[in-house]
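Below are the chains, spelled out letter by letter.
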Amino acid sequence: MMMDYVWLIPLFPFVGFLINGLLGKNLPKNVVGTIGSVAVGLSFLVTVCIFAQVLKLPPEARHVEKVVFTWIASGPLQVQAAFLIDPLSLIMLLIVSGVSTLIHIYSVSYMHDDDGFYRFFTYLNLFVAMMLILVSANNFLLMFVGWEGVGLCSYLLIGYYYEKQSASDAGKKAFVVNRIGDFGFLLGMFLIFWTFGSLNFKEVFALASKYPVGSGVITVITLFLFIGATGKSAQIPLYTWLPDAMEGPTPVSALIHAATMVTAGVYMVARCSALYSLAPISLTVVAIIGALTAIFAATIGMAQFDIKRVLAYSTVSQLGYMFLACGVGAYISGIFHLMTHAFFKALLFLGSGSVMHGLSGELDMRKMGGLKKEMPITYWTFLLATLAIAGIFPFAGFFSKDEILFHSLVDGKAIYWGIATAAAFITAFYMFRAVFMTFHGESRVDHHVAHHVHESPPLMTVPLMILAGLSVVGGFVGMPLIEGAHVFRNFLSPAITPVAHHAAAHPTAAFEIFMMVFSMAVAGLGIYTAYKMYILFPDLPTAICDKFRTIYDLVYHKYYVDEIYDTVVVEPIKEGSNILWNVVDAKGVDGVVNGSAGIIAYLSAHLRKLETGFVQNYAFAILLGVVVITGYLIGR
Amino acid sequence: MTADSLLLVLVFFPLAGSLLALGAGYQPRLCRWVSLILSLMQMALISLLFFLDLQPHSGPTGTWLLAVDYPWLEGIGARFSLGLDGLSLLLLWLTAFLTVISVLISWTAINLKVGLFHFFLLFLEGCLMGLFMATDLLLFYLFWEIQLIPMFFLLGIWGHARRIYAAVKFVLFTFGGSLFMLIALLVLYVLHGHQTGEYTFSLYQLSQTPLSPTVEGWLYAAFLLAFAVKIPLVPLHTWLPDAHTEAPTAGSVDLAGLLLKTGFYAFFRFAFPLFPGAAQASIPLLLALGLVGMFYAAWIALAQTDIKRLVAYSSIGHMGLMVLALGIWNLMALSGSLLQLFNHGISTSALFVMVGMLDERLGSRNFQDMGGLWQQMPVFSAFFLFFALSSMGLPGLNNFVGEILILLGAFQIRPLIAVLAFVGVLLTVIYILRMVQDSLFGESRRVQPLRDVTPREVLILAVMALPVLYIGLHPGPVLRLFESSLQVMWGQFPMLARSLGG
């Protein structure tokens, strides 16, 4: 059985990490790149084989646990290093290993001129190994290993250009903010162990099912776990690290900060659907945070000029959608959007990387424009991804986003739907703003750079095209309307525990179609607005900004959230630390000690007469003393 | 000769070896090799014990895996008795391991009085061997005090500029603390003698002395004071940063890796069994001291500009968590705490080793002179990051296992304390990251190039990395060792199991 070899999935990238980390410095770049990419590719292959095998099993048998060894055993705590194969982990494994493979291949070319090439692939392979552990662990503690491991790699990769102060600061910020989230995650885990006496998913969920809906302890557990999710998946209030994380190389942004790691929070909530479904209050919190983040980040995205930052805020916003879906109990729609988002957002980032590659590292959209001609493949793939994220039929994002909008109205509240629809409008607007500013209109490219603008090499454009293909057709696994055609839902549902009171309202097909048309219309309006402002009347944006100066400044400065955090949290801690050291430790505690030291100094000045200056003499004097005393005691 | 007499060899072999090293001192190179081989042999001997499949058995001094008991000072009833259990075994191994490391890191750094230096290193090893096995209180006290001597000289002769101040401060603090312990010990001895007519220093017998709560409280307090200085607990900690900053690298390794452990070990081995009632009453105090230590040290560490001082404060913080676990006293928290004892010995020592390497190259330990080291010393930086991550408790590495056991164990009975302790653990991340950041990353502030680690240094670091990984990934065997030790202890001192809710 291939399933017995599930441990190979994280092992391959880990071996790649070891080889590149230990020997990479002395290996040629293409060997390092090949090792890195092949390692991840092999993981993908194993995953596909296991996936094929699982498909042959009847749906109710699709839950297999493979124990590798007992990791920590102490008293009541028994934690195994074990993998869980079920539809949810398989979907995640496929997404992670698949997208990773493409991004590794892309990076071979993208990073080719970088001195730290081997370091990059070392980290990247380690990241993939950790991410695969995260999504395939069968218990909370092992999941936490992956959870922290990806955080570490994210830290290292954000600070990859460590000689740049801003990059290394951004890495630190990401790590610390994530740790705050982990605080919640671990507390949730402690409570789980305290309540159920186990950390194994299956055991915990089985025991939890005996609890009533709305049980206090489960509500608290799920709220704590969600704090962890807000850290890792960049939700309000812990989202601030993600935009700064764009300091990392672009493939990293694509892989870690768009397609995989940041979705870990969504995965975790879906994995714990058995707990969340018992905690309506927590679900409401998840939905509200998701909806607020979706709109909040989207508005910031409207006013950014750095193309990667636009995409970063867009990621934060799209993650908000996924949480909104989970919050209204539509976990499968959340995971569905996670998958399509992985395709099109990875593509958008890689596309922006391709633009940077062509423009010698330029990120400011005000210095782009008219790149359509020079970079056709990049342009077309980027456009397809933009259509997907805007939610235009038949691109992948349409299916998943529409499902979320639908569920937020039917299973949630009208207000969720209203916010999500508004965010959809804004998304369509700012994404097309980015397309228009980058690829259309007059070229504003710096003339030093202008003459060597070029399309990227095939090693970069092929992954773009594959992802573009997925962004186009990827949504069809979730066909709406037709009974039984939603293969994604059919496959995933055994692994998800739905919210109990569901299945009350079942709207008609006509209503569903109306919703789709409506959301398309909203997206179309957003696109049209962007078209009007950035193609038809390019002076319009400045005029509007001038008119609404205060609001614009507020948004442009990202609502000053970073500044507020700095003044309220960071500075007081630093100040306090200085005071504690310089005043309390130095003057207080050491003051007393120095007092005593003064006495010593006085005494020693007098004892100095006994000092001979030869330390050996001391040693022997003391040894002698010991011997004499011992001898005396014995002989007494 | 039975396996039991091995314990004598473990104590006297390094002591005899120390004289050999001293004798070889006229030839520094020979002396280094002699010391290395001797310390390796000692380590091999201890490693052998892991494979002997030892089972606990009862004897006159209690239940131990191995025990010896010889008459010593018959006039006063003190005996030369040693006992080995899982905890001591691991600490012995740690001692032997770190002695090997100490010899290796001093290979080129120490050129002054080489023979004497190695004499002190091995002498210290012998003392610690005895200390970690003594089951007679007077014998324990003897080792406890003698170990100050080599440490004092390691600090005072081979230390940095303010070495004399630091060495005197160190001795004054610890010696002051232990005097109280000596008095308490003698009081206990006399009380026991009065009541039973049998004058003895045996831990096993003394633990059965009936004591009034008041007397017990005072005696316990005296022990607590001695151990609190050594651990060290805030506010008795200020000798430690000074001692570390002035110590040579080998001194810091022995100090952080071993000497701090003696305080905690003695607390666990002697103070609790001798005074279970008082120990139970002191639980709120232990919890408070542990927490205060964690927060205080973490916060202060953040402001340090000297990297070695920062590591020293981190040491205080780590010890705080272990003491907190003593106040929890259930199987998980204690196993975690004992494991942390070992982990801290490896990780913090490794950090000190690396700071020492840095100091040798830069001639400075100030963050202002660092930055961008990764560019010039990639191998060094990778190792440094590794041990820093271990120290901040990254899952998959050693400290995580211990910390999670302590926190989970604490959460079982005192959720609020666990949450606070957890915040303390989180604070570690901030200053460790800052340390990594200010040294490895950012712009390089050095003009002249720095040499990356030499093969000898790589060997040292790789060897130290192995236990970090092993404990992180497969702590099972070590945890079983602790578990059986704890079971034996609770079997032997039922008061501890009962009164403290183990």
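Rules used throughout
- Residues numbered from 1 in each chain as written.
- Chains lettered and ligands numbered in written order.
- Predicted model: local features only at pLDDT ≥ 70, side-chain atom pairs only at ≥ 80, totals over all residues.
- Heavy atoms only, no water.
- Helix = DSSP H or I, 4+ residues; strand = E, 2+ residues; numbered from the N terminus.
- Contact = heavy atoms within 4.5 Å.
- Areas by Shrake-Rupley, 256 points an atom, 1.4 Å probe, with all protein chains shown as cover.
- Patch = residues over 30% accessible without salt bridge, like charges linked within 9 Å, V, L, I, M, F, W, Y side chains within 5 Å.
- Salt bridge = Lys/Arg side-chain N within 4 Å of Asp/Glu carboxyl O.
- pLDDT = per-residue confidence, 0-100.
- Buried < 20%, exposed > 50% of the residue type's maximum accessible area, 1.4 Å probe, protein only.
- Polar contact = N/O pair within 3.5 Å; in protein donor to acceptor, adjacent residues only side chain to side chain.
- Nonpolar A, V, L, I, M, F, W, Y, C, P; charged D, E, K, R; others polar.
- Phe/Tyr/Trp six-rings, centres within 6.5 Å; stacked < 30°, edge-to-face > 60°.
- Lys NZ or Arg CZ within 6 Å of the ring centre and 35° of its normal.
- Core = buried A, V, L, I, M, F, W, Y, C linked by side-chain atoms within 4.5 Å.
- Pairing = 2+ DSSP bridges.
- Expected span 1.5 Å × (residues − 1).
- Lys, Arg positive; Asp, Glu negative; His and termini not counted.
- Charge placed at Lys NZ, Arg CZ, Asp CG, Glu CD.
- Axes fitted to C-alpha atoms, helices over the stretch in contact; angles between N-to-C directions.
- Parallel < 35°, antiparallel > 145°, perpendicular 65-115°, else oblique.
- Left-handed = near helix turned anticlockwise from the far one by under 90°.

Enquirer: Any details on the overall build of chain A? Residues and values, ideally.
Expert: Secondary structure assignment for chain A yields 26 helices and two strands. Relative to all contacts within chain A whose residues are 6 or more apart in sequence, the contacts with residues 24 or more apart total 81%. Carbon together with sulfur atoms contributes 71% to the accessible area of chain A, which is approximately 24100 Å² in total.

Enquirer: Which residues make up a nonpolar patch on the surface, and what are the values?
Expert: Residues and elements named next belong to chain A. A grouping of Tyr5, Trp7, Leu11, Phe14, Val15, Leu18, Ile19, Leu22, Leu23, Val68 and Phe69 is seen on the molecular surface, where their side chains present a nonpolar patch of about 930 Å² in accessible area. Those elements that provide at least two residues to the nonpolar patch are α1 (8-23) and β1 (64-74). By the secondary structure assignment, Phe14 is in helix α1.

Enquirer: Now, about the pattern of salt bridges: what can you tell me, with residues and values included?
Expert: Applying the stated criterion across every chain, the model contains 16 salt bridges over all chains. Arg434 of chain B is the salt-bridge partner of Asp438 of chain B, the closest N and O atoms lying 3.1 Å from each other. Highlighted residues: Asp438 of chain B and Arg434 of chain B, both in helix α19 (residues 415-440), separated by four residues, approximately one helical turn. Through salt bridges with shared partners, a single ionic network connects Lys173, Asp244 and Arg309 of chain A.

Enquirer: Report on the confidence of the model for chain A, specifying residues and quantitative values.
Expert: Residue and element names in this part refer to chain A. Counting all residues, the mean pLDDT for chain A is 83, and 90% of those residues have values of 70 or more. Of all secondary-structure elements in chain A, the lowest mean pLDDT belongs to helix α26 (residues 615-635), at 55, while helix α11 (residues 264-271) reaches the highest, 93. Note that pLDDT drops below 50 for residues 609-614; the model gives that stretch two contacts with residues more than four away or on any other chain.

Enquirer: Account for unusual backbone geometry, with residues named and values stated.
Expert: In this structure, the amide linkage connecting Ile236 of chain A to the following residue, Pro237 of chain A, adopts the cis form with an omega of 5°. You can see Pro237 of chain A is positioned in the loop between α8 (216-232) and α9 (241-244). Each neighbour pair has its own omega, and for Phe393 of chain A with Pro394 of chain A the value is 0°, a cis peptide bond. Note on placement: Pro394 of chain A falls in the loop between α16 (376-390) and α17 (396-410). In the Ramachandran plot, Lys113 of chain B falls in the positive-phi region, its phi being about 50° despite a non-glycine side chain. Within the secondary structure, Lys113 of chain B is located in the loop between α3 (86-109) and α4 (114-133). By relative accessible area, Lys113 of chain B is classed as partly exposed at 33%.

Enquirer: Break down the interface of chain A and chain B for me, with residues and values.
Expert: Counting residues at the interface gives 64 residues for chain A, matched by 72 residues for chain B. Our count for the chain A to chain B interface comes out at zero salt bridges. For the pair chain A and chain B, the interface holds five residue pairs in polar contact (both at pLDDT 80 or more). Sorting the residues of the side of chain A that touches chain B by element identifies β1, α4 (117-136), α5 (140-158), α6 (165-196), α25 (561-607) and α26 of chain A as the ones contributing at least two each. Here the element with the most residues in the side of chain A that touches chain B is α6 of chain A; it accounts for 16 residues. The class makeup of the residues in the side of chain A that touches chain B is 42 nonpolar, eleven polar and eleven charged.

Enquirer: Explain the packing of aromatic side chains to me, and be specific about the residues and the numbers.
Expert: Describing an aromatic ring pair means giving the distance of the ring centres and the angle of the ring planes. Overall, the coordinates contain 69 aromatic pairs over all chains when judged by the stated rule. Measuring from ring centre to ring centre gives 5.2 Å for Tyr379 of chain A and Trp380 of chain A, while their planes differ by 65°; the resulting arrangement is edge-to-face. The buried category is assigned to Tyr379 of chain A, whose relative accessible area is 5%. Since its relative accessible area comes to 53%, Trp380 of chain A is described here as exposed. On the numbers, 6.0 Å between centres and 45° between planes, the contact of Phe227 of chain B with Phe267 of chain B is tilted. Of the two residues, Phe227 of chain B is situated in helix α9 (residues 213-230) and Phe267 of chain B in helix α11 (residues 249-274); the sequence distance between them amounts to 40 residues. In textbook terms, an aromatic cluster arises when at least three aromatic residues are bridged by ring pairs, as seen for Phe140, Trp144, Tyr220, Phe223, Phe227, Phe267, Phe268, Phe270, Phe272, Phe275 and Trp329 of chain B. Over the aromatic face of Phe305 of chain A sits the side chain of Arg366 of chain A, whose NZ or CZ is 3.9 Å from the ring centroid. Sitting over the ring of Phe305 of chain A, Arg433 of chain A keeps its end group 5.2 Å from the ring centre.

Enquirer: Lay out the nonpolar core with the relevant residues and their values.
Expert: Grouped together as the largest cluster of nonpolar side chains are 413 residues, with contacts concentrated most on Phe140 of chain A together with Phe387 of chain B. No other element matches the 18 residues that helix α15 (residues 331-362) of chain B contributes to this core. Counting 15 residues, the second largest nonpolar core, distinct from the first, contains Ala287, Ile404, Leu405 and Ile419 of chain A.

Enquirer: How would you summarise the pairing of strand β4 (residues 78-84) of chain B if you had to cite specific residues and measurements?
Expert: Residue and element names in this part refer to chain B. Counting buried residues along β4, six of its seven residues qualify, which places the element largely inside the surrounding structure. Relative to β4, strand β3 (residues 66-73) is paired through seven bridges, and the arrangement is antiparallel. Each bridged residue has a counterpart across the sheet, and for Ala67 the counterpart in β4 is Gly83. The antiparallel pairing of β3 with β4 creates a hairpin that spans four residues between the two strands, and Gly77 there sits at a positive phi of about 85°.

Enquirer: Hey, could you go over α4 of chain A for me, with residue numbers and the actual values?
Expert: Spanning 20 residues, α4 of chain A covers 29 Å between terminal C-alpha atoms, matching the ideal 28 Å at 1.5 Å per step. A large share of α4 of chain A lies buried, amounting to 20 of its 20 residues.

Enquirer: Lay out α11 of chain A with the relevant residues and their values.
Expert: An α-helical segment advances 3.6 residues per turn. Residues three or four places apart therefore align on the same side. In terms of burial, α11 of chain A is a largely internal element, eight of the eight residues being buried. For α11 of chain A, the full list of buried residues reads Ala264, Gly265, Val266, Tyr267, Met268, Val269, Ala270 and Arg271 of chain A.

Enquirer: Explain the environment of Ser39 of chain B residue by residue, including any values.
Expert: Residue and element names in this part refer to chain B. Mapped onto the elements, Ser39 comes out in helix α2 (residues 28-50). Judged by its relative accessible area of 0%, Ser39 falls in the buried class. Sequence separation between Ser39 and Val100 is 61 residues, and the spatial gap between their C-alpha atoms is 5.5 Å. Apart from the residues lying within four places of it in its own chain, the contact partners of Ser39 are Thr99, Val100, Val103, Leu122 and Glu125.

Enquirer: Any details on a negative patch on the surface? Residues and values, ideally.
Expert: All names here are of chain A. A cluster of acidic residues, Glu563, Asp566, Glu571 and Glu575, forms a negative patch on the protein surface. With respect to the element layout, Glu575 can be found in helix α25. Residue Glu575 is classed as partly exposed on the basis of its relative accessible area of 46%.

Enquirer: Now, about the packing of helix α7 (residues 163-196) of chain B against α9 of chain B: what can you tell me, with residues and values included?
Expert: Residues and elements named next belong to chain B. As a packed pair, α7 and α9 sit with axes 8 Å apart at the nearest point and diverge in direction by 150°. By the angle class used here, α7 and α9 are roughly antiparallel. The handedness of the crossing between α7 and α9 is left-handed. On α9, the residues touching Phe173, Thr174, Gly177, Ser178, Phe180, Met181, Ala184, Leu185, Val187, Leu188 and Leu191 of α7 are Val215, Leu219, Ala222, Phe223, Leu225, Ala226, Phe227, Val229 and Lys230. For the contact of α7 with α9, the class distribution of residues is 16 nonpolar, three polar and one charged.

Enquirer: Go over the side chain of Ser43 of chain A, please, and point to the residues and values.
Expert: Residue and element names in this part refer to chain A. Here Ser43 lies in helix α2 (residues 29-56). Relative accessible area serves as the criterion here: at 0%, Ser43 is assigned to the buried category. Engagement of the side chain of Ser43 in a polar contact is seen with the backbone oxygen of Ile9, the distance being 2.6 Å. Among all residues touching Ser43, those that are not within four sequence positions of it are Leu8, Ile9, Phe12, Pro13, Ser97 and Leu132.

Enquirer: Break down the packing of helix α13 (residues 283-302) of chain B against α19 of chain B for me, with residues and values.
Expert: All names here are of chain B. Running from N to C, α13 and α19 cross one another at 20°; their axes reach a closest spacing of 9 Å. Our classification of the angle between α13 and α19 gives roughly parallel. When the axes of α13 and α19 are compared, the crossing they make is left-handed. In this structure, α13 uses Leu287, Leu291, Met294, Phe295, Ala298, Ala301 and Leu302 to contact α19, whose residues at the interface are Ile417, Leu420, Ala421, Val423, Gly424, Val425, Leu427, Ile430, Tyr431 and Arg434. Tallied by class, the residues present in the contact of α13 with α19 amount to 15 nonpolar, one polar and one charged.

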